[in-house]
Amino acid sequence: MRRKILLATLALPLLALLVYQLPPVKTRLEWRIAVWTAEIRRTLNPPEEVVFVPSSSSNPQATRIALDVTETLQAVLTVSPSPTLVPATATPGATPTPTLSPTPTLAPTTIPGAVSLTGIRHEYEQWNNCGPATIGMQLSFWGWQGNQGVTAPILKPNPRDKNVSPHELVAFVEENTEFHALYRVGGNLDLLKRLIAAGFPVIVEKTLDLAGVDGWIGHYSLITGYDDVRGRFTTQDSYIQADFPEPYDKLTDAWRSFNFTFIVVFPADRETELMSVLGPLADAENAFRTALTTAENEIAALEGVNLFFAWFNKGSSLTGLQEFAEAASAYDTAFTVYGSLAAEQRPWRMLWYQHGPYESYFAQGRFQDVFNLAETTLSTMGEQTVEETFYWRGLAREQMGDLSGAAADMELAVSLNKNYRAAAEQLARLRP
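Residues numbered from 1 in each chain as written. Predicted model: local features only at pLDDT ≥ 70, side-chain atom pairs only at ≥ 80, totals over all residues. Heavy atoms only, no water.

Draft legend 1. Fine view of the overall build of the chain. Counting its secondary structure elements, the chain contains 19 helices and seven strands. Of all 432 residues assigned to the chain, the portion counted as buried reaches 53%. A total of about 19,200 Å² of accessible surface is found on the chain, and carbon and sulfur atoms cover 56% of it. (Helix = DSSP H or I, 4+ residues; strand = E, 2+ residues; numbered from the N terminus. Buried < 20%, exposed > 50% of the residue type's maximum accessible area, 1.4 Å probe, protein only. Areas by Shrake-Rupley, 256 points an atom, 1.4 Å probe, with all protein chains shown as cover.)

In structure tokens:
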């Protein structure tokens, strides 16, 4: 009898492990385990208390160093510091130049007071899968039959990857479907309405503003309708629900944290129409300049965490324009504002999603700041699975003379995302 009890006791953990490996069970429990783990980690080492402090921008050697690394930065931009999907059909770059032929003319300004697009297949995201799920929903409007089971393995070879960037979503569409896609910054509510009225559902990157969410977190949402009388958009949200109502003012606040970034998917025969709706934002450079103007206006009007976002957006827009000295200065101010915020207000996951500070600091020869910012970002992660962080730390390490550390970081970046071509090329160079 005792032997049977002992055998049963030993078998129970093994049985539990086998049951956990079943996909339906694992899908339901995995995110709960991750949340519990994150809560324990936050209690022991609160990430919102970690603050990055940039070095003084008055370094007398900064200009000389920046000139010295011009050729290095150009090489980096040629192979792209951001993950690109395989196979690529265009030369990647840190701030992609549009391959479309934009026609920067404004569409008619008179649009209906309410529009609701139908035919979208709603899908709830699996763990950390809002990007793959949302791009699938957007494609479903145009008749695409896939879902996140198709998109996620390409966009996130490592399921634990915490972020899929807008350019990766665009690349997926361009390289794996018959449709085209673009993303821009500097959007506004009027543009969203014009796009919906013209029959283009649009993805926005924003804050997930929801009670119970573990601190500030980024999110994608698909906008499919609007109603001026009720003052709200209709969104297909992979985390919350289908047809989720988003008030205009709440969307503006949530969207600000990502420089008013939006993504549009379209068939080739509707390119001209889309360019007309986009108007000046059809051109990527114009979009960055529009976003820069918005950020500067908001800097003069906002405070608190929204002031941090406005300064960060100014840095990101200047980075997109490759005006790196001014961008680095804007980021310095943003991080100063961040440090002045109450801990519970700090968007401590910011660098999981947006990597402009690395690029601008690197361009200015501020390699120690690139390294320190990467270290600060990694310290906020329970699972260190944002491959771009290791990429930029590796580039900084190389410039600081740590070649073995640089190669190790590139190896980590590639192991986290096998499609991260830029890191693979840097690794091949460092370890020929």
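Let us keep going from here.
Draft legend 2. Expanded view of the side chain of Ser 165. Along the chain, Ser 165 falls in the loop between helix H6 (148-155) and helix H7 (166-176). The buried category is assigned to Ser 165, whose relative accessible area is 5%. Looking at Ser 165, its side chain comes within polar contact range of the side chain of Asn 163, at 3.1 Å. Apart from the residues lying within four places of it in its own chain, the contact partners of Ser 165 are Tyr 220, Tyr 353, His 355 and Glu 388. (Polar contact = N/O pair within 3.5 Å; in protein donor to acceptor, adjacent residues only side chain to side chain. Contact = heavy atoms within 4.5 Å.)

Draft legend 3. Just the packing of helix H8 (residues 189-197) against helix H9 (residues 248-256), in detail. Look at H8 against H9: their axes get within 11 Å of each other, and the N-to-C directions meet at 110 degrees. As far as their axial angle goes, H9 and H8 are roughly perpendicular. Contact with H8, carried on its side by Leu 189, Leu 192 and Lys 193, involves Tyr 248, Leu 251, Thr 252 and Trp 255 of H9 and no other residues of that element. A per-class count over the contact of H8 with H9 returns five nonpolar, one polar and one charged. (Axes fitted to C-alpha atoms, helices over the stretch in contact; angles between N-to-C directions. Parallel < 35°, antiparallel > 145°, perpendicular 65-115°, else oblique. Nonpolar A, V, L, I, M, F, W, Y, C, P; charged D, E, K, R; others polar.)

Draft legend 4. Inspection of the pattern of salt bridges at higher detail. The tally for this structure, following the rule as stated, stands at 18 salt bridges. Note that Lys 206 and Glu 246 form a salt bridge whose closest N and O atoms lie 3.8 Å from each other. Here Lys 206, found in strand E3 (residues 202-207), pairs with Glu 246, found in strand E6 (residues 244-247); they are 40 residues apart in sequence, far enough to count as distant. The salt bridge partner of Arg 289 is Glu 323, with a shortest N-O separation of 3.4 Å. In this pair, Arg 289 sits in helix H11 (residues 284-299) while Glu 323 sits in the loop between helix H12 (304-320) and helix H13 (324-340), placing the two residues 34 residues apart along the sequence. (Salt bridge = Lys/Arg side-chain N within 4 Å of Asp/Glu carboxyl O.)

Draft legend 5. Spatial organisation of the confidence of the model for the chain. Per-residue confidence for the chain gives a mean pLDDT of 84; residues scoring 70 or more make up 77%. This model gives residues 58-72 a pLDDT under 50, and the stretch forms 14 contacts once residues within four places in sequence are excluded. This model gives residues 77-107 a pLDDT under 50, and the stretch forms 86 contacts once residues within four places in sequence are excluded. (pLDDT = per-residue confidence, 0-100.)

Draft legend 6. Expanded view of the packing of aromatic side chains. The final tally for this structure, using the stated rule, is 22 aromatic pairs. Ring centres of Phe 52 and Tyr 361 lie 6.3 Å apart, and the angle between their planes is 45 degrees; on these two criteria the pair is classed as tilted. In this pair, Phe 52 is assigned in the loop between helix H2 (23-44) and helix H3 (62-68) and Tyr 361 in helix H15 (residues 356-363), connecting sequence segments 309 residues apart. A relative accessible area of 5% places Phe 52 in the buried class. For Tyr 361, a relative accessible area of 0% gives the class buried. One aromatic cluster in this structure is built from Phe 52, Trp 216, Phe 258, Phe 308, Phe 309, Phe 312, Tyr 331, Phe 335, Tyr 338, Tyr 353 and Tyr 361. Between the NZ or CZ atom of Arg 270 and the centre of the ring of Phe 200, over which it lies, the distance is 4.4 Å. (Phe/Tyr/Trp six-rings, centres within 6.5 Å; stacked < 30°, edge-to-face > 60°. Lys NZ or Arg CZ within 6 Å of the ring centre and 35° of its normal.)

Draft legend 7. The arrangement of the pairing of strand E7 (residues 262-266) in detail. Across the five residues that make up E7, a large majority, five, are buried. Residues Phe 262, Val 264 and Phe 266 line one face of E7 and the alternating positions Ile 263 and Val 265 line the opposite face, and both faces are buried. In this structure, E3 lies alongside E7, joined through three bridges in antiparallel fashion. Of the residues in E7, the one forming a bridge with Val 204 is Phe 262. (Pairing = 2+ DSSP bridges.)

Draft legend 8. A look at helix H16 (residues 367-379). Taking 1.5 Å per residue as the helical rise, H16 with its 13 residues ought to reach 18 Å, and the 18 Å between its terminal C-alpha atoms agrees with that figure. Of all the positions in H16, only Phe 367, Asp 369, Val 370, Phe 371, Leu 373, Ala 374, Thr 376, Thr 377 and Leu 378 are classed as buried. (Expected span 1.5 Å × (residues − 1).)

Draft legend 9. The side chain of Thr 151, seen in detail. Here Thr 151 is to be found in helix H6. Looking at Thr 151, the relative accessible area reads 0%, which means it is buried. Within polar-contact distance, the side chain of Thr 151 engages the backbone oxygen of Pro 132 at 2.9 Å. Non-local contacts of Thr 151, meaning those with residues more than four positions away in its chain, are made with Pro 132, Ala 133, Ile 135, Trp 144 and Phe 172.

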